[in-house]
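A look at the structure
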Amino acid sequence: MAKPLPIITPENAPFWEGCRNRQLLLQRCTACAAWRYPPAPVCPRCASTGATWTPTSQTGQVYSFVIYRRAFHPAYAAEVPYAVALVELDEGVRLPLRIVDCPPETLKIGARGEIRFTRLTDEVTLPVFAPRL
Amino acid sequence: MATARGKYCIVGIGESDLGQVPQSTSLGLTVQAAVRALEDAGLTPPQVDGCLSKPPYQEPTFLFTDQLAATLGLRLRYGHDLHAGGCTPVLAVANAVRALEAGLCHTMLIAFGENMLTHSKTPRPTHGKLHWGYEDWEEPFGLVGPPAGYALAAKRHMHCYGTTAEQLGAIAVAHRQHAILNEGAQMRKPLTLDDYLRSPWIVEPFRLPDCSLVSDYGGAFVVTTAERAANLRQQPVAILGYGESHPHRYVLQAEDLTYCGAVESGPAAFQMAGIALHEIDFAELYDSFTYTVLVQLEDYGFCAKGAGGTFVEDGRIALGGALPVNTHGGLLSQAHADGILHVTEAVKQLRGQAGLRQVANARIGLVSGGAGVLAVHASLLLGAV
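Please read these numbers as outputs of a predicted model, since none were measured by experiment.

**Here we look at the sheet that holds strand E7 (residues 216-225) of chain B**
Residues and elements named next belong to chain B. Judged by pairing direction, the sheet is mixed, and its 9 strands sit side by side in the order E3-E2-E4-E7-E1-E8-E11-E10-E9 without closing on themselves. In this open sheet, the two strands that pair with only one neighbour each are strand E3 (78-81) and strand E9 (282-284). Averaged over all pairs of adjacent strands, the angle between strand axes in this sheet comes to 25°, irrespective of strand direction. Of the strand pairs in this sheet, strand E1 (residues 8-15) and strand E8 (residues 237-245) are connected by 2 bridges, and their pairing is antiparallel. In the strand pairing of E8, Ile10 is matched with Val237.

**Let's talk about the interface of chain A and chain B**
By a widespread convention, an interface's size corresponds to the accessible area lost as its parts come together. Taken together, the contact between chain A and chain B spans 27 residues of the former and 24 residues of the latter. At the level of elements, strand E4 (59-68), strand E5 (82-89) and strand E6 (94-98) of chain A are the ones that each hand at least two residues to the side of chain A that touches chain B. Here the side of chain A that touches chain B takes 6 residues from E4(A), the largest share from any one element. Where E4(A) meets strand E5 (residues 201-204) of chain B, 2 bridges bridge the pair, whose relative direction is antiparallel. Across the sheet, the residue bridging to A:Tyr68 is B:Val203, located in E5(B).

**Here we look at the domain arrangement of chain B**
All names here are of chain B. Split by domain assignment, chain B resolves into domain 1 (8-121 + 216-229) and domain 2 (146-211 + 240-384). Look at where the C-alpha atoms of domain 1 and domain 2 centre, and you get two points 23 Å apart. Domain 1 puts 20 residues into the contact, and the matching count from domain 2 is 26 residues. Those elements giving two or more residues to the side of domain 1 that touches domain 2 turn out to be E1, helix H3 (88-101) and E7. Here the side of domain 1 that touches domain 2 gets 6 residues from one element, more than from any other, and that element is H3. A breakdown of the residues in the side of domain 1 that touches domain 2 according to their chemical character gives 14 nonpolar, 5 polar and 1 charged.

**Observations regarding the pairing of strand E7 (residues 112-119) of chain A**
Residues and elements named next belong to chain A. Relative to E7, E4 is paired through 3 bridges, and the arrangement is antiparallel. By the bridge assignment, Gly60 is partnered in E7 with Gly113. What sits between E7 and strand E8 (residues 125-131) in their antiparallel hairpin is a turn of 5 residues.

**Thoughts on unusual backbone geometry**
In this model, A:Tyr37 is joined to A:Pro38 through a cis peptide bond whose omega is 0°. Cis geometry is found at the peptide bond from B:Glu204 to B:Pro205, where omega equals 15°. Inspection of the secondary structure puts B:Pro205 in the loop between E5 and strand E6 (206-207). Of note, A:Asp101 is a non-glycine position whose phi angle comes to about 55°, a positive value. Relative to the elements of secondary structure, A:Asp101 occurs in the loop between E6 and E7.

The rules we used
- Residues numbered from 1 in each chain as written.
- Chains lettered and ligands numbered in written order.
- Predicted model: local features only at pLDDT ≥ 70, side-chain atom pairs only at ≥ 80, totals over all residues.
- Pairing = 2+ DSSP bridges.
- Helix = DSSP H or I, 4+ residues; strand = E, 2+ residues; numbered from the N terminus.
- Axes fitted to C-alpha atoms, helices over the stretch in contact; angles between N-to-C directions.
- Contact = placed C-beta atoms within 7 Å.
- Domains from an automatic or database assignment.
- Nonpolar A, V, L, I, M, F, W, Y, C, P; charged D, E, K, R; others polar.

Listed below in structure tokens is the structure:
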């Protein structure tokens, strides 16, 4: 069974294009310089509509994490146990990301690491997080 | 509603058969609860002129409230669908008070139900699928299913404040003790802390008893003016205060994931009611997960931030403890009813009709609702008249 895939829209297409190019691009407000995620047509801090798709550091740390011991979607059944972390990028934005190259039991809140990319389909390449052990 | 304190009352409550109700439909469960609520109040359908309901998740239905009203033979002057998940009952009370205050109707039926368990076992073709909002920015990233978002919050709380598995377990155990005293509850098998610690992981740090049930349920209650309430069958229960909070939509947007909206909705409700926290005799707190209860105990101020784990130890939230919480067993052990049975249980407590679960001299109760992952929070204060 296929994994859940996002719907790519004109609004979020640059994010997914960035991922295909192995680059994590996020919108940055042209008025107040705030980063924002998920992609949105307006800045939630200052209501400005101007934004530039901007490369991020692609580094950050684990803000919190969970370990799936049971699959909640059949497409993930073969991967259990797997960890998903809420990763705080050095830009301050948080994203939920799959943890790779790290046994779930050894993961810790505060662990630093970097964004990597996993190709799912021609359109969708997912950012994932590799903690530095 | 700032001036509405005590002017409006809950005058009737109804609960459908709960747990696994064979052959049930969402509309059928809703109707069963609604009929019981009207019967409890001593009202007939022509006396009801307002209605609020929540369309079922599994079968999102256009004009569900009107379908319910037509089924019951109500002629509404006011009515619409209201869907805020487990916040729906508390938001509906506030909505009812505003409508009554504005004179748009005088007697409001609030009723909803779902055949969640039956539906999950016998999937029926649906004509539309609810868009939950998690499809694009959570599920493709592996964050699938209800427990994970709350589990992220619980894990962060454990990291920041040293909250332990045993403390989450104490919450599960207290809820089960209450459900055992509740004849209609879905889970009445005794649960010890050892049983809890031996239970299978679901999404770590949550084990199976940390997670609420999947249930068939219906719940209903009737709100009217204190004037009309005086002539009805039951002792009315007064609506004293109300507050709501909308801190974020997604967990990734939470400023500090170890807090919930009770920090804002709580003070708003207490200020409106003109009462203090220490006057609360019991609390029916939205309990999608054990952690959801713990964070609210802190954020309402029953204990210091970070001290929720210590607070729930030693039976403090069980019947007979300093603050009985979820005296019916809650979503964790009675049935997952999106919070509507938190309202009906609070009414039973304040009428003195809670049987073996009765809190002695219950005069003021706190009811809360939650929706999304700690996204929407609402607080309701009810008082015996």
